[in-house]
Amino acid sequence: MSAVAGKKDQLDELGVEILSVSTDSAFVHKIWEEVELKKMTKDGIPWPMVSDGAGNLGRVYGVYDEANGVNIRGRFLIDPDGVVQAMEVLTPPVGRKFAETIRQIHAFQHVRKTKGAEACPAGWEPGKKTLKPGPDLVGRVWEVWQPEDE
Amino acid sequence: MPDEPVGCARPTGTVLGQDAPSEEKSEEQPKTGVESMAMVKVGGKAPDFEAPAYHKGEFITVKLSDYLGKWVLICFYPGDFTFV
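Model, not experiment: these values are computed from the prediction.

**What about the overall build of chain A?**
Thought 1: Helix and strand counts for chain A stand at six helices and six strands.
Thought 2: Across the 150 residues that make up chain A, the buried fraction comes to 47%.
Thought 3: Once local pairs closer than 6 in sequence are excluded, the contacts in chain A between residues at least 24 apart make up 39%.

This is the structure in structure tokens:
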């Protein structure tokens, strides 16, 4: 949470809004921010901390752990049309890597900008070559992209 | 997103535009089928919801569909005061 808050400017530059969700009440969110997160971030948590006490959101997003009454770690990237473009769900002991989220946002925004005319191959980052899917590319990806390009 | 009056009840989030999942149904596939209880999937519409939230000192209500036209990152996590 605090790891993302410190890098929120990167998401601002990409025009991405954040919502964090747990089964804690909004009251608990408030106290967590005040007693702990404000000591780990410059200005606290700058996005809405959503409360999903009954797990209704977690269930429909496939992250609600019925046995423990919590939402496991899940990250969903939603485009301006309200379409889910990416999702990643992890079991509790392992945290996420923020840089990978940023990479995927760059890639999905690039694809959207080209209206799907370009695709981003494995490991793509801004500045790297994209693919232009079409009949001419079938069987010839090797001519324009090799595994070491990842 | 107006402020909600703060009371003693425990408000919670609600899934919009479809039958909200209930405890009874959760162990099995909903009998009513995918039309009424669409799970999230890539390439599909993000399930809309309305839920209470805390934001910069205020208690607010967040509705996902209010964010249409913007990129949104939703991050679920196990709980406040956890370590990862």
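**A few points about the side chain of A:R103**
Residues and elements named next belong to chain A.
Thought 1: Within the secondary structure, R103 is located in helix α5 (residues 98-113).
Thought 2: A distance of 3.0 Å separates polar atoms of two side chains, one belonging to R103 and the other to E100.
Thought 3: Once residues lying within four places of it in the same chain are set aside, the contact partners of R103 are G123, W124 and E125.

**Quick notes on the pattern of salt bridges**
Residues and elements named next belong to chain A.
Thought 1: Applying the stated criterion across every chain yields a total of twelve salt bridges over all chains.
Thought 2: The salt bridge involving D12 is made with K8; its shortest N-O contact spans 2.6 Å. With D12 and K8 both in helix α2 (residues 8-13) and four residues apart, this pair spans about one turn of that helix.
Thought 3: A relative accessible area of 17% means that K8 is categorised as buried.

**Some points on unusual backbone geometry**
Thought 1: Phi is positive for A:K115, close to 55°, though the residue is something other than glycine.
Thought 2: Here A:K115 shows up in the loop between α5 and α6 (141-144).
Thought 3: Residue classification places A:K115 among the exposed positions, given a relative accessible area of 77%.
Thought 4: Phi at B:K56 takes a positive value of approximately 50°, unusual for a residue other than glycine.
Thought 5: In this structure, B:K56 sits in the loop between β2 (49-55) and β3 (58-63).

**A closer look at helix α3 (residues 26-35) of chain A**
Thought 1: Taken residue by residue, α3(A) has A:A26, A:H29, A:W32 and A:E33 as its buried positions. Along the long axis of α3(A), the arc covered by the buried residues comes to 115°, so they all point the same way.
Thought 2: For α3(A), the elements touching its buried residues are β1 (16-22) and β2 (49-51) of chain A together with β2 and β3 of chain B.

**Section: the pairing of strand β6 (residues 84-90) of chain A**
All names here are of chain A.
Thought 1: Bridge count between strand β5 (residues 73-78) and β6: six bridges; the pairing is antiparallel. Across the sheet, the residue bridging to L77 is A86, located in β6.
Thought 2: Linking β5 back to β6 in an antiparallel pair, the connection comprises five residues, with G82 at a positive phi of about 85°.

**Re the interface of chain B and chain A**
Thought 1: Contacts between chain B and chain A engage 51 residues on the former and 70 residues on the latter.
Thought 2: Surface buried jointly by chain B and chain A totals about 5500 Å² across both partners, of which 65% is contributed by carbon and sulfur atoms.
Thought 3: The tally of links between chain B and chain A comes to one salt bridge.
Thought 4: Between A:E17 and B:K70 there is a salt bridge; the shortest N-O distance is 3.8 Å.
Thought 5: Across the contact surface, chain B and chain A share 26 residue pairs in polar contact (both at pLDDT 80 or more).
Thought 6: When contributions to the side of chain B that touches chain A are tallied by element, the ones reaching two or more residues are β1 (14-15), β2, β3 and β4 (71-76) of chain B.
Thought 7: For the side of chain B that touches chain A, the residue count by class is 32 nonpolar, eleven polar and eight charged.

Basis of the calculations
- Residues numbered from 1 in each chain as written.
- Chains lettered and ligands numbered in written order.
- Predicted model: local features only at pLDDT ≥ 70, side-chain atom pairs only at ≥ 80, totals over all residues.
- Heavy atoms only, no water.
- Helix = DSSP H or I, 4+ residues; strand = E, 2+ residues; numbered from the N terminus.
- Buried < 20%, exposed > 50% of the residue type's maximum accessible area, 1.4 Å probe, protein only.
- Contact = heavy atoms within 4.5 Å.
- Polar contact = N/O pair within 3.5 Å; in protein donor to acceptor, adjacent residues only side chain to side chain.
- Salt bridge = Lys/Arg side-chain N within 4 Å of Asp/Glu carboxyl O.
- Arc of directions from axis to C-beta.
- Pairing = 2+ DSSP bridges.
- Buried area = accessible area lost by both parts, 1.4 Å probe.
- Nonpolar A, V, L, I, M, F, W, Y, C, P; charged D, E, K, R; others polar.

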